[in-house]
Amino acid sequence: MEHVKKMKGYIISFSAILLLSSMLLFALFYSENVQSRNLDTANIKKYSKLEFIKDDLGFDANKILGTGISVNRTGNLELTFNEIIPSDFNKMQRIVKWKEFIESSYSSINNAEIKLGIKRMDKVIPIKFSNGLVYDYNFDAGKNSVFFYSTTGNTNISEMDLNLNVTGSSVFVSKPLLSLNPDVTVNFNYIDQNALNEKHEIRELDSSLDNTITIRFSDDLRDVIEIHLGNVNGKINAVWVWNKSLSQNKINLVFKPVMNAIDVNSSFNAFLYADLNYFQTDLNSNDLIELKQF
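Remember, predicted model here, so these are calculated numbers, not experimental data.

Participant: Even after reading the chapter, I still don't get the overall build of the protein, so can you show me in this structure?
Facilitator: Summing up its helical and strand segments, the protein has 2 helices and 16 strands in all. Taking the contacts inside the protein whose residues are at least 6 apart along the sequence as the reference set, 64% of them involve residues at least 24 apart.

What follows is the structure in structure tokens.
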């Protein structure tokens, strides 16, 4: 009987020790789990804040640039650009002021170190698309232009609308040349203060050639707007609208190229070719600024 009592005592003691050990292990596990959850929550907050800042600056970039861009991906890929050449404001000066704001007040408000790298913008403001297309606004003194091309070699434009409304009175608009092997259809519309030179034409062009349209505003052969379509500076199926007019006659440009469709399941993004460098405790990021308008 005494032996049985001792056995019961051992069992009770062992059970108590086992229970206490289990409780201790559970407490340790719970503590570690809480710490892990707190760490995960902190990481989520940091990354969420970074994404918010990227989105915020991406929307700001649209307004800063002053270039209207819209996308239609039903069937083919259609991009529409709205631009004034030269711009009504100094685009580069505005970007520099934006950079100063980001690196001072904006960084301070967000308790982070944020830098905007714009070294690539040497007389050009590039917008790059995720499929290799590029839209450059060139601000060379007295010769502002826009240049649309592809880094992969060919934009694959099959047709385009090219609309120019110019503040000025032209004296000459070149006639289209006959293309023997046309593969691009251009709906060309031109209006200025000389109604005699208004054009509404369908032009069939060979994209392997440099097809040039010249619009002159005086007897000076340098006083022109030049439009290059096709093979431009080694870029195939490119478009270059170059305002070389001596008085920098304002061009209101609406340009819509139509290209091969993109897979509906793939993303299509546009980026200002400027580096956004973000530094905060245990989190560094270096990305291009994505334009948030599509």
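Participant: I tried to follow the pattern of salt bridges on my own but got confused; where do I start?
Facilitator: Oppositely charged side chains can pair when the atoms bearing their charge come close. Using the criterion set out here, one finds 13 salt bridges in the structure. Here Lys292 ties to Glu290 by a salt bridge, and the two come within 3.4 Å at their closest N and O atoms. You can call Lys292 partly exposed: its relative accessible area is 23%. Among the charged side chains, a network of salt bridges with common partners joins Glu51, Lys54 and Asp287.

Participant: Sorry if this is basic, but what is going on with the packing of aromatic side chains here?
Facilitator: Overall, the coordinates contain 10 aromatic pairs when judged by the stated rule. Geometrically, the ring pair formed by Phe147 and Tyr149 is tilted, given 4.7 Å between the ring centres and 35 degrees between the ring planes. Residues Phe147 and Tyr149 agree in their burial class; the two are buried. Between Phe148 and Phe255 the ring centres are 5.6 Å apart and the planes differ by 75 degrees, which places this aromatic pair in the edge-to-face class. Placement of the pair is Phe148 in strand E6 (residues 145-150) and Phe255 in strand E14 (residues 251-259), with a sequence separation of 107 residues. Each member of the pair, Phe148 together with Phe255, is buried. In this structure, Arg120 packs its charged tip against the face of Tyr273, placed 4.1 Å from the ring centre. When the ring centre of Tyr273 is taken as reference, the NZ or CZ atom of Lys128 above it lies at 4.6 Å.

Participant: It is not clear to me how the environment of Phe81 should be interpreted in this structure. Could you clarify?
Facilitator: Mapped onto the secondary structure, Phe81 falls in strand E2 (residues 77-85). Phe81 gets classed as buried once you look at its relative accessible area, which sits at 0%. With residues near it in sequence (within four places) discarded, Phe81 still touches Gly68, Ile69, Phe129, Tyr135, Phe148, Leu253, Val254, Phe255 and Pro257.

Participant: Which parts of the structure should I look at to understand the nonpolar core?
Facilitator: One broad rule of soluble globular proteins: the nonpolar side chains tend to lie buried together. In terms of nonpolar packing, the biggest core is built from 62 residues, with Phe129, Phe148, Leu162, Leu164, Ile227 and Val241 touching the most fellow members. Val134, Val232, Ala238 and Trp242 belong to the second largest nonpolar core, which has 7 residues in total.

Participant: Which parts of the structure should I look at to understand the pairing of strand E15 (residues 270-280)?
Facilitator: Residues in a regular strand point their side chains to alternate faces of the sheet. As defined by bridge partners, strand E3 (residues 113-117) adjoins E15 across 5 bridges and the pair is classed as antiparallel. The partner of Lys115 across the bridge, within E15, is Asn277. As defined by bridge partners, strand E4 (residues 124-129) adjoins E15 across 3 bridges and the pair is classed as antiparallel. Note that in E15 the partner of Lys128 across the bridge is Phe271. Where E15 meets strand E16 (residues 283-290), 8 bridges bridge the pair, whose relative direction is antiparallel. Looking at the pairing, Asn277 lines up with Asn286 of E16. Counted along the chain from E15 to the antiparallel partner E16, the turn is 2 residues long, and its residue Asp282 has a positive phi close to 65 degrees.

Participant: I'm lost on unusual backbone geometry in this one. Help?
Facilitator: Most peptide bonds take the trans configuration, and most residues that are not glycine carry a negative phi. Residue Pro86 is bonded to the preceding Ile85 through a cis peptide linkage, with omega at -5 degrees. Of note in the backbone geometry, Gln248 takes a positive phi value of approximately 50 degrees without being a glycine. Secondary-structure assignment places Gln248 in the loop between strand E13 (235-243) and E14. Given a relative accessible area of 16%, Gln248 falls into the buried group.

Reading guide: rules and limits
Residues numbered from 1 in each chain as written. Predicted model: local features only at pLDDT ≥ 70, side-chain atom pairs only at ≥ 80, totals over all residues. Heavy atoms only, no water. Helix = DSSP H or I, 4+ residues; strand = E, 2+ residues; numbered from the N terminus. Contact = heavy atoms within 4.5 Å. Salt bridge = Lys/Arg side-chain N within 4 Å of Asp/Glu carboxyl O. Buried < 20%, exposed > 50% of the residue type's maximum accessible area, 1.4 Å probe, protein only. Phe/Tyr/Trp six-rings, centres within 6.5 Å; stacked < 30°, edge-to-face > 60°. Lys NZ or Arg CZ within 6 Å of the ring centre and 35° of its normal. Core = buried A, V, L, I, M, F, W, Y, C linked by side-chain atoms within 4.5 Å. Pairing = 2+ DSSP bridges.

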